[in-house]
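# Understanding the architecture of this molecule
This is what each chain is made of:
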Amino acid sequence: NAGVTQTPKFQVLKTGQSMTLQCAQDMNHNSMYWYRQDPGMGLRLIYYSASEGTTDKGEVPNGYNVSRLNKREFSLRLESAAPSQTSVYFCASSSQGTSKNIQYFGAGTRLSVL
Amino acid sequence: TQLLEQSPQFLSIQEGENLTVYCNSSSVFSSLQWYRQEPGEGPVLLVTVVTGGEVKKLKRLTFQFGDARKDSSLHITAAQPGDTGLYLCAANTGGFKTIFGAGTRLFVKA
């Protein structure tokens, strides 16, 4: 019962470096999400993909890009990392939209940008 | 901007005590969710409340949705160390977007 799997679990980057956070779900869900969690601010939506082939901006999309590679996989890319992007990143999935459907979260990627 | 404000931010209690945490907003929501998050893990859904005034119970946890659907509370009876964690409330703002409160960090001492 893997659910939502995120890789890597930890990453340290230097300012200006790029990286891609990977997320895969095995629940045949249509919708996938990327959030960031910062102390005292709760989770904030970066991007979401309502269904395979579509992506849309969330609350804090600047500095990020996403790719819905297929129904299972949704990646988040930082093209030029900045210290302000130090955070814990969570991927989630749901069968459809979030209004009544349960979101399942991965264990997170802890990113530090120096 | 729609916000969810949670209080208290931090709570440390002895095993066996009761507690209530709150989630408040000036906005009306069609539903509200409570999650629990343990260190090093993602949030896990506890409950969704949909109807104003609705009360749901999950063992020793009681969730209530305000009559006006702007606020919610979580009451834990006889807290146990296993209840330790970060409790988050969340609300759908339309379609695929959800906002989260900053959370209440609960520590239950044995």
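Our subject is the structure that appears above.
The notes below deal with the structure included here.

Cut-off values and rules
- Residues numbered from 1 in each chain as written.
- Chains lettered and ligands numbered in written order.
- Predicted model: local features only at pLDDT ≥ 70, side-chain atom pairs only at ≥ 80, totals over all residues.
- Heavy atoms only, no water.
- Helix = DSSP H or I, 4+ residues; strand = E, 2+ residues; numbered from the N terminus.
- Buried < 20%, exposed > 50% of the residue type's maximum accessible area, 1.4 Å probe, protein only.
- Salt bridge = Lys/Arg side-chain N within 4 Å of Asp/Glu carboxyl O.
- Disulfide = S-S within 2.5 Å.
- Pairing = 2+ DSSP bridges.
- Axes fitted to C-alpha atoms, helices over the stretch in contact; angles between N-to-C directions.
- Contact = heavy atoms within 4.5 Å.
- Buried area = accessible area lost by both parts, 1.4 Å probe.
- Polar contact = N/O pair within 3.5 Å; in protein donor to acceptor, adjacent residues only side chain to side chain.
- Phe/Tyr/Trp six-rings, centres within 6.5 Å; stacked < 30°, edge-to-face > 60°.

### Here we look at the side chain of Ser75(A)
- Here Ser75(A) lies in strand S8 (residues 74–78).
- Using a relative accessible area of 8% as the deciding quantity, one classes Ser75(A) as buried.

### A closer look at the pattern of salt bridges
- By the definition in use, this model includes six salt bridges over all chains.
- Residues joined in a network through salt bridges with shared partners are Arg36(A), Asp38(A) and Arg44(A).

### Here we look at the state of the cysteines
- As enumerated under the stated definition, the model contains two disulfides over all chains in all.
- Here Cys23(A) pairs with Cys91(A) through a disulfide, and the sulfurs are 1.9 Å apart. Because the sign of the S-S torsion sets the handedness, a value of about -70 degrees for the bond joining Cys23(A) and Cys91(A) places this disulfide among the left-handed ones. Note that Cys23(A) is positioned in strand S3 (residues 19–25) and Cys91(A) in strand S9 (residues 87–94), a separation of 68 residues in sequence.
- Put simply, Cys23(B) and Cys89(B) are joined by a disulfide, and their sulfur atoms are 2.0 Å apart.

### Brief notes about the sheet that holds strand S1 (residues 4–7) of chain A
All names here are of chain A.
- Pairing is antiparallel across the open sheet formed by four strands, whose spatial order is S1-S3-S8-S7. The sheet terminates laterally at S1 and strand S7 (65–68), the two strands that pair on one side only. Direction aside, neighbouring strands of the sheet carry axes that sit 15 degrees apart on average.
- Alignment of S7 against S8, held across four bridges, turns out to be antiparallel. Opposite Arg68, over in S8, you have Phe74 as the bridge partner.

### A few points about the interface of chain A and chain B
- Between chain A and chain B, the residue contacts involve 24 residues of the former and 19 residues of the latter.
- Here chain A and chain B share an interface that buries about 1700 Å² over both sides, 57% of which is from carbon and sulfur atoms.
- The tally of links between chain A and chain B comes to zero salt bridges.
- Applying the counting rule to chain A against chain B returns three residue pairs in polar contact (both at pLDDT 80 or more).
- Of all the secondary-structure elements, those providing two or more residues to the side of chain A that touches chain B are strand S4 (31–38) and strand S5 (42–49) of chain A.

### So, unusual backbone geometry
- Going from Thr7(A) to Pro8(A), the amide bond is cis rather than trans, its omega being -5 degrees.
- One can find Pro8(A) in the loop between S1 and strand S2 (10–13).
- At the junction of Ser7(B) and Pro8(B), the peptide bond is cis and its omega measures out at -10 degrees in the coordinates.
- Position of Pro8(B) relative to the elements: it lies in the loop between strand S1 (5–7) and strand S2 (10–14).
- Here Ala78(B), not a glycine, exhibits a phi torsion of approximately 50 degrees, which is positive.
- Residue Ala78(B) is classed as partly exposed on the basis of its relative accessible area, which comes to 30%.

### With respect to the sheet that holds strand S6 (residues 55–58) of chain B
All names here are of chain B.
- Strand order in the open sheet formed by five strands is S1-S3-S8-S7-S6, with antiparallel pairing between adjacent strands. The open sheet has two edge strands with one neighbour each: S1 and S6. Here the strands of the sheet are splayed against their neighbours by 15 degrees on average, with no regard to which way each runs.
- Looking at chain direction, strand S7 (residues 61–65) and strand S8 (residues 71–76) are connected through five bridges and run antiparallel. Opposite Thr62, over in S8, you have His75 as the bridge partner.

### Examining the packing of aromatic side chains
- All told, the structure shown has nine aromatic pairs over all chains when counted by the stated rule.
- Aromatic pair Phe105(A) and Phe100(B): ring centres 6.2 Å apart, planes at 80 degrees, arrangement edge-to-face. Linking Phe105(A) in strand S10 (residues 104–105) with Phe100(B) in strand S10 (residues 97–100), this pair reaches from one chain into another.
- Residue class for Phe100(B) comes out buried when judged on its relative accessible area of 7%.
- With 5.6 Å between their ring centres and 45 degrees between their planes, Tyr35(B) and Phe100(B) make a pair best called tilted. Taken together, the residues span a long stretch of sequence, with Tyr35(B) in strand S4 (residues 32–37) and Phe100(B) in strand S10 at a distance of 65 residues.
- Accessibility expressed as a relative area gives 0% for Tyr35(B), which makes it buried.

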